[in-house]
Amino acid sequence: MILPRTAEAIVVGGGVMGASTAYHLALAGMRDILLLEREEFFGTGATGRCAGGVRYQFATEINIRLSLESLPMLERFKEEIGQEIDYRKIGYIFLLTNQEDVINFKRIVDQQNHLGAQTQWLNGAEIQRWLPLMCLKDVIAGSFNPRDGLVDPNGVVMGYINAAQRMGCNTFTGTSVTSILRRSNRVVGVKTQGEEISSPVVVDATGPWAGSTGQMAGLEIPITPLRRQWLTTTAIHELPPDFPFVIDFAQSLYFHPEGQGLLTGMSNPHEKPGFNQNIDPEWELVHLDAAIDRLPLLESVGLISRVAGLYEVTPDAHPIFGKTPVEGYYIVTGFSGHGFMHGPIAGMLMSEIILNGRASTVDVSMLDLARFSEGRLIQEYNVV
Ligand SMILES: Cc1cc2nc3c(=O)[nH]c(=O)nc-3n(C[C@H](O)[C@H](O)[C@H](O)COP(=O)(O)OP(=O)(O)OC[C@H]3O[C@@H](n4cnc5c(N)ncnc54)[C@H](O)[C@@H]3O)c2cc1C
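Residues numbered from 1 in each chain as written. Predicted model: local features only at pLDDT ≥ 70, side-chain atom pairs only at ≥ 80, totals over all residues. Heavy atoms only, no water.

Chemist: Can you lay out the side chain of Ser70 for me, pointing to particular residues and giving the numbers?
Modeler: Mapping Ser70 onto the fold places it in helix H2 (residues 61–75). For Ser70, a relative accessible area of 0% corresponds to the buried category. One polar contact links the side chain of Ser70 to the main-chain carbonyl oxygen of Met341, over a distance of 2.7 Å. (Helix = DSSP H or I, 4+ residues; strand = E, 2+ residues; numbered from the N terminus. Buried < 20%, exposed > 50% of the residue type's maximum accessible area, 1.4 Å probe, protein only. Polar contact = N/O pair within 3.5 Å; in protein donor to acceptor, adjacent residues only side chain to side chain.)

Chemist: Provide a residue-level description of the sheet that holds strand S10 (residues 186–191), including the pertinent values.
Modeler: One open sheet accounts for 3 strands, arranged S9-S10-S11; its pairing is antiparallel. In the strand order of this sheet, the two ends are held by strand S9 (179–183) and strand S11 (196–198), each with one partner. Sheet twist, expressed as the mean angle between neighbouring strand axes with direction ignored, is 35°. Note that S9 and S10 share 5 bridges and pair antiparallel. Opposite Arg183, over in S10, you have Arg186 as the bridge partner. (Pairing = 2+ DSSP bridges. Axes fitted to C-alpha atoms, helices over the stretch in contact; angles between N-to-C directions.)

Chemist: Please set out the packing of helix H1 (residues 16–27) against helix H6 (residues 153–166) residue by residue, giving values where relevant.
Modeler: Running from amino to carboxyl end, H1 crosses H6 at an angle of 30°, the nearest separation of the two axes being 8 Å. Taken together, the axis directions place H1 and H6 in an arrangement best described as roughly parallel. Read as a crossing pair, H1 and H6 show a hand that is left-handed. From H1, Val16, Ala19, Ser20, Ala22, Tyr23 and His24 reach across to H6, where they touch Val156, Val157, Tyr160, Ile161, Ala163 and Ala164. Each residue belonging to the contact of H1 with H6 can be placed in one class, and the counts come to 10 nonpolar, 2 polar and no charged. (Parallel < 35°, antiparallel > 145°, perpendicular 65-115°, else oblique. Left-handed = near helix turned anticlockwise from the far one by under 90°. Contact = heavy atoms within 4.5 Å. Nonpolar A, V, L, I, M, F, W, Y, C, P; charged D, E, K, R; others polar.)

Chemist: Provide a residue-level description of helix H9 (residues 339–356), including the pertinent values.
Modeler: Over its 18 residues, H9 extends 23 Å from the first C-alpha to the last, a length consistent with the 26 Å expected when each residue adds 1.5 Å. For H9, the principal kink sits at Ile345 and spans about 40°. Of all 18 residues that make up H9, 15 are buried, and the element is covered over most of its length. (Expected span 1.5 Å × (residues − 1). Bend = angle between axes of the 7 residues up to and from the residue.)

In structure tokens, the structure reads:
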């Protein structure tokens, strides 16, 4: 297929943000949309390396509201988009091991429930009874939401892309955007390897690479790429069928069922910013020691796979939505480790911003790019 020379809108980046934005623009009636992905396949960036977790349990009102819209969209996905995405409501439990976290989480759970998230509070003894395979003597309490769970990231990306294509959206892989074309303060298109494509609207959905893409448009987008990694194990026959997504909050250590075994990861607090997506073997040893301390039977299982990918981190761990100082150049990125689950609503909000000038389903006006220069940061506590 030959790249078109013009488009009504160009979406750069074929992860969950680009796929959902292209789909929602097409659904809202835009026909001449071009989605460009530089890799050979869609969804092989952060989205294809994510752990697939979806949760209502956030600390700030805006993140909870994004989940309250986005997770039901995932529940309706098969019906609305026609693609199975295997939503498994196994619940997330946050294990809390110090009083400061207990005090903060009590407030956070109240806020979640006030907004309708239906999160439960468990004491240490209740948690130990539920998870006898785990060593939880230091766990004081925990929060649990049975509607949190797991979803297949590839299914979501391909579901949106196939649906967008059916509505006439042109999609290309193996196509890298190398320049953003501007005429004074207005975007007028993009350049790929050789081709210029003109368009009055360009959406930067390049995730961890959004800072570099923004530079092509002459913008400073504060995105830090930060490596994170996880591994999966061989079958663990002792695991009970109700084993949830377990997060040891203070250690940023997590476990969830994957196939017949577990997926486990741990965030390295000393990771240096950069685009390295190779596994860090030293950190893997630190992670495995901590994981075995919590779940001793891991010592006797094998490893099946390891994955490393990049979080797209902003200074306040909240995303950046919408317009930029360059007219026609929009951005949707910076979800700081939990963007997969917010991809559905993010694409819908981007279509509202582009077509109507503002997002109406959820007010995300406080998540604009200008908040960094104007000092309006909003800190998120529940970052894993
Ligand atoms: C290890 C790990 C675990 C995670 N676990 C979870 C989780 O459990 N739950 C959750 O909700 N989130 C999780 N996340 C975060 C989530 O994966 C991201 O927030 C989300 O996928 C970001 O989507 P995106 O579309 O913005 O970025 P990406 O998926 O990275 O998509 C951006 C795309 O842009 C393309 N691109 C870049 N530059 C160009 C260019 N110049 N031209 C054309 N294309 C370009 C890239 O190739 C890439 O495909 C995790 C992330 C990692 C790394």
